[in-house]
Each structure stands twice: as structure tokens, then as C-alpha cells.
Amino acid sequence: MLFQFGDFDLTEYMVAGSYDSIPNARFDLDSYTDANGVTQRTALAHTRTKVTFRTVEMDAATMNHIMQNIVGNYIDYKERNADCAYYDTENMTMKTGRFYLDSNFKQNVKYADPITKLPTAYGETTFTFTEY
């Protein structure tokens, strides 16, 4: 398993080789460069991981299944968040954290039914999840 949103494992829908992770990003508080040109850092204990991957092309029923499971796991609908499990590429282990679905999320509708105008197939879609 690479990424699970709530209790929904998204790994099987990923394009092989598309799992990208920015693991454990560190944040500084009031860091500065001193008079000798040396950076003085105050790294905070909390880290944040960002996970991005692409899904394979799929029919509308499969994408609907994915979205129903993502939405069904939201803790807060406005924030699009859930408690997630993910593979930490820095420490080579599974971890958990609260992530949200990127607010710029967009789906790639590949085909639509000419009569109903509803999607019938989706191209590769990029998902990005960011840890709080």
C-alpha cells in the first residue's frame, strides 16, 4: 500500500511509477542569516508530507467509486480531509497523518455520452494530498 485516504486504499488505481512524495517537509521559525553569513535555523518539530500520484485511465463507474470513497471518508467536507496512511519515502516505512485533498483538484473527463452529456471515461487524473 502506498496511500490510503481514510479506510480507502488508492494504490491499485495509481499509474505505475507516479507516486511522488515530498516527505517530512521541515519548517523554520524566525530563521535568519547572522552577521558572519551563517544561517541560524530554528527547525520546528512538526513536519508535513505531500503525496501526489496519477490514476490510470478508467470508466466513469470506477471514478465514481473512487470519489464516493474519498468523499465518504471526509472528516470535514469543507476541508476535504481524512486520517490517512502513506508510505514515507524518507524513512522507508508506513506512517499516518491527517491529509487534505488539494483545493485545485481537477478531473480529466476523456469521453462523455453524447445524449446524457455525463462522463463515460476519465483520462489520467492527478491527486495531491497535503498533510496538516
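Predicted, not measured: the structure shown is a model, and the values here were computed from it.

Asks: So what exactly am I meant to see when it comes to the sheet that holds strand β8 (residues 81-88) here?
Replies: The pairing of strands in a sheet comes from backbone hydrogen bonds and takes either a parallel or an antiparallel form. Judged by pairing direction, the sheet is antiparallel, and its seven strands sit side by side in the order β2-β1-β8-β9-β12-β6-β3 without closing on themselves. Looking at the sheet topology across the chains shown, the edges are occupied by β2 (8-9) and β3 (20-25). Here three bridges tie strand β1 (residues 3-5) to β8, and the two strands are oriented antiparallel to one another. The residue bridging Phe5 from the neighbouring strand is Cys84, located in β8. Running over the sheet, helix α1 (residues 60-72) touches β1, β2 and β12 (126-131) and is turned about 15° from β12.

Asks: I would appreciate a short explanation of the packing of aromatic side chains in the present structure.
Replies: The geometry of an aromatic ring pair comes down to the distance between the two centres and the angle between the two planes. Scanning the model with the defined rule gives 13 aromatic pairs in all. Between Tyr100 and Tyr132 the ring centres are 5.2 Å apart and the planes differ by 65°, which places this aromatic pair in the edge-to-face class. Here the residue Tyr100 occupies a position in strand β9 (residues 93-101), and Tyr132 occupies one in the segment after β12, the gap between them amounting to 32 residues. Residue Tyr132 is classed as partly exposed on the basis of its relative accessible area of 34%. Members of the aromatic cluster, connected to one another through ring pairs, are Phe3, Phe5, Phe53, Tyr74, Tyr77, Tyr86, Phe99, Phe105, Phe127 and Phe129.

The rules behind each value
Residues numbered from 1 in each chain as written. Predicted model: local features only at pLDDT ≥ 70, side-chain atom pairs only at ≥ 80, totals over all residues. Heavy atoms only, no water. Pairing = 2+ DSSP bridges. Helix = DSSP H or I, 4+ residues; strand = E, 2+ residues; numbered from the N terminus. Contact = heavy atoms within 4.5 Å. Axes fitted to C-alpha atoms, helices over the stretch in contact; angles between N-to-C directions. Phe/Tyr/Trp six-rings, centres within 6.5 Å; stacked < 30°, edge-to-face > 60°. Buried < 20%, exposed > 50% of the residue type's maximum accessible area, 1.4 Å probe, protein only.

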